[in-house]
Amino acid sequence: MSYPFELALRQYIAAFDGTNNISPAEFQTRFDNLYHQYFTFLPKDEKAMGEDGFTTIKSKEPLTREEVFEREASKLADGTKVTLIHFRKIGLDCIDIKLGLVNGEEDSTSTVRLVTTITAGQAVTSKEIDESPESNLFFPRKLMAAKCASAGYKWKEFGTFQTNHGLKTSM
């Protein structure tokens, strides 16, 4: 089942060579071959570090097939180059895909990692995976620094108030 999907993905990626020399009809055909009519894209959550050191997570809304087409068509028009970094089957109908993106105008590079569920040789849902170092930590760095500073402050504070003096344990 993944072989027809891989062929469709490789043909679709070939359109993103930075030259934008593919016709809109051909691009639409490649898009239709790759994505199921009920396709949904789940973007990664947005993370923002507040002034208090806490990370807030804001979930993004899923994108419909039409919204994904508009987004991809604009990337094609901008001259974005896409390369397939890896394509791994991780389940019966689940594929791990990592893509490299190079924007021609800004000469900026980025990577996108997706876990895609396929049915009938087409992508039915894709979830973007956050590979940032912050997402791999149990606690954000600033939160840990705040906890250490708090523990240091409490250590200095211990014994300075009347209630902390004279604590004796007798056994």
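In case you missed it, the structure is sitting above this.
So, how was this worked out
- Residues numbered from 1 in each chain as written.
- Predicted model: local features only at pLDDT ≥ 70, side-chain atom pairs only at ≥ 80, totals over all residues.
- Heavy atoms only, no water.
- 1 Å grid on protein atoms, 1.4 Å probe; cavity = no way out; pocket = protein on both sides within 12 Å on 5 of 7 lines; lining within 4 Å.
- Points joined across faces, edges and corners; volume = space filled by probe spheres on them.
- Helix = DSSP H or I, 4+ residues; strand = E, 2+ residues; numbered from the N terminus.
- Nonpolar A, V, L, I, M, F, W, Y, C, P; charged D, E, K, R; others polar.
- Salt bridge = Lys/Arg side-chain N within 4 Å of Asp/Glu carboxyl O.
- Buried < 20%, exposed > 50% of the residue type's maximum accessible area, 1.4 Å probe, protein only.
- Axes fitted to C-alpha atoms, helices over the stretch in contact; angles between N-to-C directions.
- Parallel < 35°, antiparallel > 145°, perpendicular 65-115°, else oblique.
- Left-handed = near helix turned anticlockwise from the far one by under 90°.
- Contact = heavy atoms within 4.5 Å.
- Pairing = 2+ DSSP bridges.
- Arc of directions from axis to C-beta.

Q: Quick one: what's the story with empty space enclosed by the protein, residue by residue and with numbers?
A: Under the counting rule described, the total for this entry stands at one cavity of 30 Å³ or more. Lining the largest cavity are 24 residues, and of these Y12, Y35, E72, L99 and L114 sit closest to its centre. Going through the elements one at a time, α1 (2-14), β1 (35-42), α3 (65-77), β6 (94-103), β7 (108-119) and β8 (122-129) are the ones with two or more residues in the lining of the largest cavity. Residue composition of the lining of the largest cavity, grouped by class: 18 nonpolar, two polar and four charged.

Q: So what's going on with the pattern of salt bridges? Residues and values would help.
A: By the definition in use, this model includes five salt bridges. With a closest N to O distance of 2.7 Å, R65 and D32 form a salt bridge. One end of the pair, R65, is in helix α3; the other, D32, is in helix α2 (residues 24-34), and 33 residues separate them in sequence. Here D32 falls in the partly exposed class, since its relative accessible area comes to 29%.

Q: With reference to specific residues and values, describe the layout of surface pockets.
A: Estimated volume of the largest pocket: approximately 200 Å³. Around the largest pocket sit 14 residues that line it, and K75, T80, L101, N103 and S110 are the ones nearest its centre. Going through the elements one at a time, α3, β6 and β7 are the ones with two or more residues in the lining of the largest pocket. Among the elements that line the lining of the largest pocket, the one with the most residues is β7, at four residues. Tallied by class, the residues present in the lining of the largest pocket amount to four nonpolar, five polar and five charged.

Q: Now, about the packing of α2 against α3: what can you tell me, with residues and values included?
A: As a packed pair, α2 and α3 sit with axes 12 Å apart at the nearest point and diverge in direction by 135°. As the angle between them shows, α2 and α3 are arranged oblique. The chirality of how α2 crosses α3 is right-handed. Where α2 approaches α3, its residues F27, Q28, F31 and D32 are matched on the opposing element by R65, V68, F69, E72, A73 and L76. A breakdown of the residues in the contact of α2 with α3 according to their chemical character gives six nonpolar, one polar and three charged.

Q: Residue-level account of the sheet that holds β6, with values.
A: Ordered by their spatial adjacency, six strands build an open sheet running β4-β1-β8-β7-β6-β5, and the pairing between neighbours is mixed. For this open sheet the edge positions go to β4 (63-64) and β5 (81-89), each flanked by a neighbour on one side alone. Of the pairings in the sheet, the one linking β6 to β7 comprises 10 bridges and is antiparallel in character. From the neighbouring strand, K98 faces β7, where its bridge partner is R113. α2 rests against β1 and β8 of the sheet, and its axis sits at about 80° to β1.

Q: Provide a residue-level description of α2, including the pertinent values.
A: Along an α-helix, residues three or four positions apart point the same way, because every turn accommodates 3.6 residues. Restricting attention to buried positions, one finds in α2 the residues F27, F31 and L34. Across the axial projection of α2, the buried residues extend over an arc of 65°, all falling on one side.

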